[in-house]
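Survey of secondary and tertiary structure
What follows is each chain in one-letter form.
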Amino acid sequence: MKKITKKNIEAVNFDKGEGLVPAIIQDPDTMEVLMLGYMNAGSLLKTLDEGKVTFFSRSKQRLWTKGETSENFLIFKEAYLDCDDDTILVWATPQGPVCHTGQRTCFDQPKRSEAGNIRSLDKKFDLKQLENIILDRKNNPKAGSYTNHLFDKGINKIAQKVGEEAVELVIEAKDSNDILFKGEAADLLYHFSVLLVNKNISLDEIYQVLENRHVSKD
């Protein structure tokens, strides 16, 4: 597959599909196929420029950025062209449920382990999964949810909780009770994740800052 950039966008054969090509969206972390849309040259260029996956809506007859109303954006990573130059594979990280039904994907496929395949999509719980859960709470509030309680209180309360949890972690670090220390560390990571979501900053953006610092020091 050929990686698509603004420099070689003309390699895509839009003429074959009367100006449109299918765009398969895949999560680069889990390798799940999330959805299928259609792109024209304008939507592909907008995707490359702005970093959010944009399609051409055949029903609305206009460019349509996924998440423009729900805020469940698809954060663009990379795009590849197939062997016939008429289908695009887009790697993108979902910022919440992808399907309009509220499901993570538009395909109700079983996990690969359940389907009997050798490779499994199951993986240990990580900060990306936590981020997706918090995003879902933000976009789909749930009664009695502590996360929604924090969002309702606003940025000052959320930032205050991050500070409190950081102090508690420092206090536990001075003792020898690893169980309490790990609990406070988890509390800090959770509240920090809520703060990021509240400020509309993704974990990937933080990872990028760390990567830039690492590269600059090398």
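The model shown is predicted, which means the values in this text are computed figures rather than measured ones. (Residues numbered from 1 in each chain as written. Predicted model: local features only at pLDDT ≥ 70, side-chain atom pairs only at ≥ 80, totals over all residues. Heavy atoms only, no water.)

1. Notes on the sheet that holds strand 3 (residues 33-39)
Stated precisely, the cut-off is as follows: Note: two strands are recorded as paired if DSSP finds a minimum of 2 bridges between them. Comment: elements are numbered from the N terminus, with helices defined as DSSP H or I runs of at least four residues and strands as E runs of at least two. Contacts were defined at the residue level, with two residues in contact if any of their heavy atoms lie within 4.5 Å. Here an axis means a line fitted to C-alpha atoms, over the contact stretch when the element is a helix, while the angle between two N-to-C directions is reported on a 0 to 180 degree scale.
Strand order across the open sheet formed by five strands is 1-6-7-2-3, with mixed pairing between neighbours. Edge strands, defined here as strands with exactly one partner in the open sheet, are strand 1 (2-3) and strand 3. Sitting on the sheet, helix 1 (residues 41-50) touches strand 3, strand 6 (74-81) and strand 7 (88-94), and the angle it makes with strand 3 is about 125°.

2. A short note on unusual backbone geometry
Basically, it comes down to this: Throughout this description, buried means an accessible area under 20% of the type-specific maximum (1.4 Å probe, protein chains only), exposed means over 50%, and partly exposed covers the range between.
Phi at Q61 is positive, roughly 55°, even though this residue is not glycine. When you line up the elements, Q61 lands in the loop between strand 4 (54-57) and strand 5 (62-65). The phi dihedral of N200 falls on the positive side, at around 60°, and the residue is not glycine. As for its position among the elements, N200 is in the loop between helix 5 (178-198) and helix 6 (203-217). A residue is classified by how much of its surface remains accessible, and N200, at 57% relative accessible area, is exposed.

3. Notes on the packing of aromatic side chains
Note the threshold: Pairing of aromatic side chains here covers Phe, Tyr and the six-membered ring of Trp, requires ring centres within 6.5 Å, and sorts the geometry by plane angle: under 30 degrees stacked, over 60 edge-to-face, intermediate tilted. Ring-over charges, as used throughout, are those where CZ of Arg or NZ of Lys falls within 6 Å of the ring centre and within 35 degrees of the ring normal.
This structure, assessed with the given rule, holds three aromatic pairs. Sitting over the ring of F73, K52 keeps its end group 3.8 Å from the ring centre.

4. Some remarks on the nonpolar core
Inclusion rule: What we call a nonpolar core is a set of buried Ala, Val, Leu, Ile, Met, Phe, Trp, Tyr and Cys residues that are connected through their side-chain atoms within 4.5 Å.
Membership of the largest hydrophobic core comes to 22 residues, with the highest contact counts inside it found for I25, M39, L44, V53, L74, I88 and V90. Looking at this core, the elements with two or more residues in it are strand 2 (21-26), strand 3, helix 1, strand 6 and strand 7. If one sorts the elements of this core by residue count, strand 6 sits on top with four residues. Not counting the four nearest positions on each side in its chain, I88 is found in contact with I4, V12, V21, P22, A23, I24, M39, L44, A79, Y80 and L81.

5. Side note on the pairing of strand 3
Bridging between strand 2 and strand 3 involves six bridges; their strand directions are antiparallel. Bridge pairing in strand 3 places P22 opposite Y38.

6. Remarks on the UniProt feature "domain: Phosphoribosyl-AMP cyclohydrolase" (unreviewed entry) in the protein
Using the following cut-off: UniProt positions are given in the numbering used here, feature names are shortened, and annotations may be inferred rather than shown by experiment.
The feature "domain: Phosphoribosyl-AMP cyclohydrolase" (unreviewed entry), as annotated in UniProt, sits at residues 35-107 in this numbering. With 14% helix and 38% strand, residues 35-107 has its two end C-alpha atoms placed 7 Å apart.

7. Re the pairing of strand 2
A regular strand carries its side chains on alternate faces of the sheet. Between strand 2 and the antiparallel strand that follows it, strand 3, lie six residues; M31 among them carries a positive phi value of about 70°. Taken together, the four bridges between strand 2 and strand 7 define a ladder with parallel strand orientation. Of the residues in strand 7, the one forming a bridge with I25 is V90.

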